[in-house]
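Structural characterization, general
Read off the chains here:
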Amino acid sequence: MTTNYENLYEEIFQKIKENDRIIIHRHERPDPDAYGSQGAMYQIIKENFPEKTLITVGKDSPSLDFLFKNSEVTEEDYKEALVIVTDTANFPRIDGKLFTKNNFLIKIDHHPPLDNYGSINLVDTEVSSCSELIYNFYKYLNKKYNIKLNDEAAKLLYLGIVGDTGRFLFPNTSNNTLKVASELIKYDFNMSALLDKMEIISENIMRFRAFIFENYDVYQDGVAYLKITKEDMDKYGVDPGEVSTGVNLLRSLQDLYAWCFAIDEGNKVRVRIRSKGPVINTLAEKYAGGGHPLASGATVKNWEEFDDLLDDMARVVAEYLKENNIKLEN
Ligand SMILES: [Mn+2]
């Protein structure tokens, strides 16, 4: 499966070799895969080309900045720089955009390719995570050019894969994902300490989780949602990013096929949609969003438009249940 991508791996590697200044970006509100893919890219280049100037860009996240911290950059830093963006589906989501049209841009991602903003676009939607894709890229370079992977890169990639697969629980976990994970844990890092650290949440978020379980609503058969207002977030002292991390908690509810969080961000409502079967990224695209078939995001203008989204989601789920002849338990 890696064969289709060898030309792109090759092109990217040549660009890396040619450039002495490389700046690596990720998406806004970074998750473990954003950190993992960006940080591992940095480590792989640093390990094999120590003479190059490398910078990682993007706002630090309090829950993940134990991994590494990013530096402040100015427009000056981008002169003659190659820019690599990992795990970021579309241009507006790139965190930090001080680069210009003069910068050669490489996109490395695993989301459906709606916006190929790169000069080179390495997009593989078959992998679980951008971290898995970076490992495939490394593996190719290792065979052909004896490129090395260090312990820090292995740790970051492992974390990214664990994050995007929900600890190997989601259906994006493939044979290759597990093979890659088994290669990564051969490196020297403390896996269980890392996972424990990822699990740690503040007391605010812990209490907010109780709010999630108390306040979600079942919209109709197979569909649930939770509305989160500004007042709710103020009450628990959590921000929209922290709220989003809870969306998978509803996953284990009996008879649930698709669900979402609607988070009030003042001038708009951001919607996090998850599914256990029905394809929801086409629905998300209808509402100014997109993503993976079973995990997407959308944006609606107000609560009225959110009701429309819920209606559409209910239709998608009802069709799915009918097509697959699924009878709900209750
Ligand atoms: Mn990802």
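Just so we're clear, the structure is a prediction, and the values are computed from it rather than from any experiment.

We now examine the pairing of strand β6 (residues 217-220). Two strands pair when backbone bridges link them, and β6 and strand β7 (residues 223-228) are joined in this way by 3 bridges, in the antiparallel orientation. Considered in β7, the bridge of Val-218 is made with Ala-224. Between β6 and β7, which pair antiparallel in sequence order, lie 2 residues; one of them, Gly-222, sits at a positive phi of approximately 85°.

Here we come to the coordination of the manganese ion. Around the manganese ion, the protein contributes the donor atoms Asp-33 (OD), Asp-87 (OD), His-110 (NE2) and Asp-164 (OD), which lie 2.1 to 2.3 Å from the metal centre. Counting the intervening residues between successive donors of the manganese ion yields the motif D-x53-D-x22-H-x53-D. Of this pair, Asp-33 sits in helix α2 (residues 32-48) while Asp-164 sits in helix α4 (residues 151-164), and the two are 131 residues apart along the sequence. Both residues of the pair, Asp-33 and Asp-164, count as buried.

Before going further, it helps to spend a moment on the pattern of salt bridges. Proximity of charged atoms lets side chains of opposite charge pair with each other. All told, the structure shown has 13 salt bridges when counted by the stated rule. Lys-144 serves as the salt-bridge partner of Glu-10, at 3.1 Å between the closest nitrogen and oxygen. Taken as a pair, Glu-10 in helix α1 (residues 6-18) and Lys-144 in helix α3 (residues 130-145) lie far apart in primary sequence, 134 residues in all. For Glu-10, a relative accessible area of 16% puts it in the buried group. On the accessibility criterion, Lys-144 (48% relative accessible area) is partly exposed. Two residues, Glu-152 and Lys-155, come together in a salt bridge whose shortest N-O distance is 3.6 Å. With a gap of 3 residues between them, Glu-152 and Lys-155 both fall in helix α4, about one helical turn apart. Through salt bridges with shared partners, a single ionic network connects Lys-286, Asp-312 and Arg-315.

The subject of this paragraph is the nonpolar core. Residues Ile-16, Met-41, Ile-45, Ile-84, Ile-108, Leu-149 and Leu-184 are the most contacted members of the largest nonpolar core, which totals 48 residues. Leaving out residues up to four positions away in the same chain, Ile-108 has contacts with Ile-12, Met-41, Ile-84, Val-85, Thr-86, Asp-87, Leu-122, Cys-130, Leu-133 and Ile-134. Val-269, Ala-298, Ala-314 and Leu-321 belong to the second-largest nonpolar core, a separate cluster that totals 23 residues.

Tallying each qualifying case throughout the model produces 1 cavity of 30 Å³ or more. Estimates place the volume of the largest cavity at around 60 Å³. The wall of the largest cavity is formed by Phe-13, Ile-16, Met-41, Ile-44, Ile-45, Phe-49, Phe-137, Leu-141 and Ile-147. Those elements that provide at least two residues to the lining of the largest cavity are α1, α2 and α3. The biggest single contributor to the lining of the largest cavity is α2, with 3 residues.

Turning our eyes to something else, we now look at the domain arrangement of the chain. You can read the domains of the chain as domain 1 (3-198) and domain 2 (203-323). For domain 1 and domain 2, the distance between their C-alpha centroids amounts to 28 Å. On the side of domain 2, 10 residues touch domain 1, which itself brings 8 residues to the contact. When the two sides are added together, the surface that domain 1 and domain 2 hide from each other amounts to roughly 730 Å², 60% of it contributed by carbon and sulfur. It is Arg-29, Pro-112 and Phe-170 that lose the most area in domain 1 upon contact with domain 2, and together they represent 55% of the buried surface on that side. Inspection of the domain 1/domain 2 interface yields 0 salt bridges. Our count for the contact surface shared by domain 1 and domain 2 stands at 1 residue pair in polar contact (both at pLDDT 80 or more). Residues that form the side of domain 1 that touches domain 2 fall into these classes: 5 nonpolar, 2 polar and 1 charged.

If you walk across this open sheet you meet the 5 strands as β2-β1-β3-β4-β5, and the pairing is parallel. In this open sheet, the two edge strands, each paired with only one partner strand, are β2 (53-56) and β5 (120-123). In this sheet, adjacent strand axes meet at a mean angle of 15° when their direction is disregarded. One ladder, built from 4 bridges, connects strand β1 (residues 21-25) with β2; its direction is parallel. Considered in β2, the bridge of Ile-24 is made with Thr-56. Packed onto the sheet, α1 meets β1, β3 (82-86), β4 (104-109) and β5 and runs at close to 130° relative to β5. Docked against the sheet, α3 engages β3, β4 and β5, running at close to 110° with respect to β4.

What follows covers the packing of α2 against α3. The contact between α2 and α3 brings their axes to 8 Å, and the two run at 20°. Classed by the angle they form, the pair α2 and α3 counts as roughly parallel. Contact residues: α2 offers Asp-33, Gly-36, Ser-37, Ala-40, Met-41 and Ile-44, while α3 offers Cys-130, Ser-131, Ile-134, Phe-137 and Tyr-138. Considering only residue class, the contact of α2 with α3 consists of 7 nonpolar, 3 polar and 1 charged.

Here is what the cut-offs are and how they apply
- Residues numbered from 1 in each chain as written.
- Predicted model: local features only at pLDDT ≥ 70, side-chain atom pairs only at ≥ 80, totals over all residues.
- Heavy atoms only, no water.
- Pairing = 2+ DSSP bridges.
- Helix = DSSP H or I, 4+ residues; strand = E, 2+ residues; numbered from the N terminus.
- Donors = N, O, S within 2.8 Å, 3.2 Å for Na, K, Ca; no water.
- Buried < 20%, exposed > 50% of the residue type's maximum accessible area, 1.4 Å probe, protein only.
- Salt bridge = Lys/Arg side-chain N within 4 Å of Asp/Glu carboxyl O.
- Core = buried A, V, L, I, M, F, W, Y, C linked by side-chain atoms within 4.5 Å.
- Contact = heavy atoms within 4.5 Å.
- 1 Å grid on protein atoms, 1.4 Å probe; cavity = no way out; pocket = protein on both sides within 12 Å on 5 of 7 lines; lining within 4 Å.
- Points joined across faces, edges and corners; volume = space filled by probe spheres on them.
- Domains from an automatic or database assignment.
- Buried area = accessible area lost by both parts, 1.4 Å probe.
- Polar contact = N/O pair within 3.5 Å; in protein donor to acceptor, adjacent residues only side chain to side chain.
- Nonpolar A, V, L, I, M, F, W, Y, C, P; charged D, E, K, R; others polar.
- Axes fitted to C-alpha atoms, helices over the stretch in contact; angles between N-to-C directions.
- Parallel < 35°, antiparallel > 145°, perpendicular 65-115°, else oblique.

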